[in-house]
Amino acid sequence: MNVQVNQNERLIRPSDPAIRYTGRIDNSNPDAPFLIYVCSQVEFRVTGHVLRVFIENIHSFYENRLGVIINGVESAVLLESGAQVIDLSDRMTDGENHVLLFKRQDCCHALVLHGFAVAEDAELLPLPPRPKRRMEVYGDSVSAGEVSEAEFACGQVDPEGHNGRYSNGYLSYSWQTARLLGAELHDIATGGMALEDGTGYFYAPDYIGMLSSWDKINYYPPFGAKTDWDFSRYTPHVVVAAIGQNDANPVNFMAQNYDCDASKHWRSAYAGWIRAIRAKYPHAQIILTTTILGHDAAWDRAIDEVCRELSQTDGRVHHFLYSKNGCGTPGHIRGSEAAGMAKELAGFIETLPDVWEDEIRNSE
């Protein structure tokens, strides 16, 4: 991307140490970080009323919007496909400004950041320390906040032709829970995701599952080759595994015959995935759950069985059910509904012993 600043402006590169990144982000090129996961964030403090963002939007489907929070005011900017300059100066003040840009949607698009134009005399200011609490969520469209802004359709199916315009990870239960807890968040969530390849709704007709994508940065073929995530870069205290409600497509085998080979295979594969997460995070509290989106209770029964099996040797694995688990709504969860989920989930997390400790105590 050709990056040019105007007279009386200066360029801030993405690699500037005053800029903070949060989320599973590929920064192998520090001056062109690649953002694919929902809720990935870019944050800094700067003086002056000038702010233009040099960014490339790699469009796949849906309308794509950049999430913006400047001085506590949330807004969004509709993105074109390709390289572009987003002028946010009308949201800035002449004094100090706190800027947070975030990815509102999942891999329906990806972003490459190329820098910021600020006033020539602008000063980058220190950010407050990172939160000491850390959490990670693995999930599907509900965990990503898809169609969460459609408050007029609470408890209803999604509005026809929404085309992504109501999707906002800021309103997801994932990020709302993290805010209630004062925790940093990595949201590894993608619409349509199920556990295994060939099931769910993500990336038809091949249908990519969580088992082949949970440990990746790029996991989406249209954006190029798969790239592995370096788990040493981030260690959560809490992991929420919210998979199991898209797995009924194309066959709802768990509901049809809980003891059939397919059902037994799924439970075994799910247990293997949780053990793989445990291997990456030896001390984390791992919460197995689904959501209030309508689905057959057989899937929660299966998760509970796996939890009981794992908890025989691992006391830091838990099964959590919302008060309206699986029967809260036939459509995606709206922001207000997600707020109720977040309150329940945060309350449960706070009951867990030593949940925010970096090491397991010897008594455990």
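The structure displayed is predicted, hence computed values, not measured ones.

Rules used throughout
Residues numbered from 1 in each chain as written. Predicted model: local features only at pLDDT ≥ 70, side-chain atom pairs only at ≥ 80, totals over all residues. Heavy atoms only, no water. Helix = DSSP H or I, 4+ residues; strand = E, 2+ residues; numbered from the N terminus. Polar contact = N/O pair within 3.5 Å; in protein donor to acceptor, adjacent residues only side chain to side chain. Contact = heavy atoms within 4.5 Å. Phe/Tyr/Trp six-rings, centres within 6.5 Å; stacked < 30°, edge-to-face > 60°. Lys NZ or Arg CZ within 6 Å of the ring centre and 35° of its normal. Pairing = 2+ DSSP bridges. Axes fitted to C-alpha atoms, helices over the stretch in contact; angles between N-to-C directions. Expected span 1.5 Å × (residues − 1). Buried < 20%, exposed > 50% of the residue type's maximum accessible area, 1.4 Å probe, protein only.

Caption draft 1: Focus on the side chain of Gln84. Mapped onto the fold, Gln84 is located in strand E8 (residues 82-87). A polar contact of 2.8 Å, which involves the side chain of Gln84, links it to the backbone nitrogen of Glu80. Separated by 2.7 Å, the side chain of Gln84 and the backbone oxygen of Gly82 make a polar contact. When near neighbours in sequence (up to four residues on either side) are disregarded, Gln84 contacts Met1, Val53, Phe54, Ile55, Asn57 and Leu79.

Caption draft 2: Focus on the packing of aromatic side chains. In the structure shown here, the tally under the stated rule is 24 aromatic pairs. With a centroid separation of 6.0 Å and an interplanar angle of 35 degrees, the aromatic rings of Phe102 and Tyr170 are classed as tilted. Note that Phe102 is positioned in strand E9 (residues 96-103) and Tyr170 in the loop between helix H1 (141-144) and helix H2 (173-181), a separation of 68 residues in sequence. An aromatic cluster of three or more residues is present, and its members are Tyr138, Trp214, Phe231, Phe253, Trp266, Tyr270, Trp273, Tyr281 and Trp299. Between Arg301 and the ring centre of Tyr258, over which it is positioned, the NZ or CZ distance is 3.6 Å.

Caption draft 3: Broad picture of the sheet that holds strand E14 (residues 238-241). Strand order across the open sheet formed by five strands is E13-E12-E14-E15-E16, with parallel pairing between neighbours. Of all the strands in the sheet, the pair left with one neighbour each is strand E13 (183-189) and strand E16 (317-319). Averaged over all pairs of adjacent strands, the angle between strand axes in this sheet comes to 20 degrees, irrespective of strand direction. By the bridge criterion, seven bridges tie strand E12 (residues 133-139) to E13 in an arrangement that is parallel. Bridge pairing in E13 links Arg134 to Glu184. Lying over the sheet, helix H6 (residues 335-351) contacts E12, E14, strand E15 (285-288) and E16, oriented at roughly 140 degrees with respect to E15.

Caption draft 4: Broad picture of helix H4 (residues 261-280). Between the first and last C-alpha of H4 there are 29 Å, a value that for 20 residues agrees with the 28 Å anticipated at 1.5 Å per step. Burial in H4 covers these residues: Ser263, Trp266, Arg267, Ala269, Tyr270, Ala271, Trp273, Ile274, Ile277 and Arg278. In the core, the buried residues of H4 are packed alongside E12, E14, helix H3 (253-256), E15, helix H5 (298-310) and E16.

The analysis is restricted to geometry; functional conclusions fall outside its scope.
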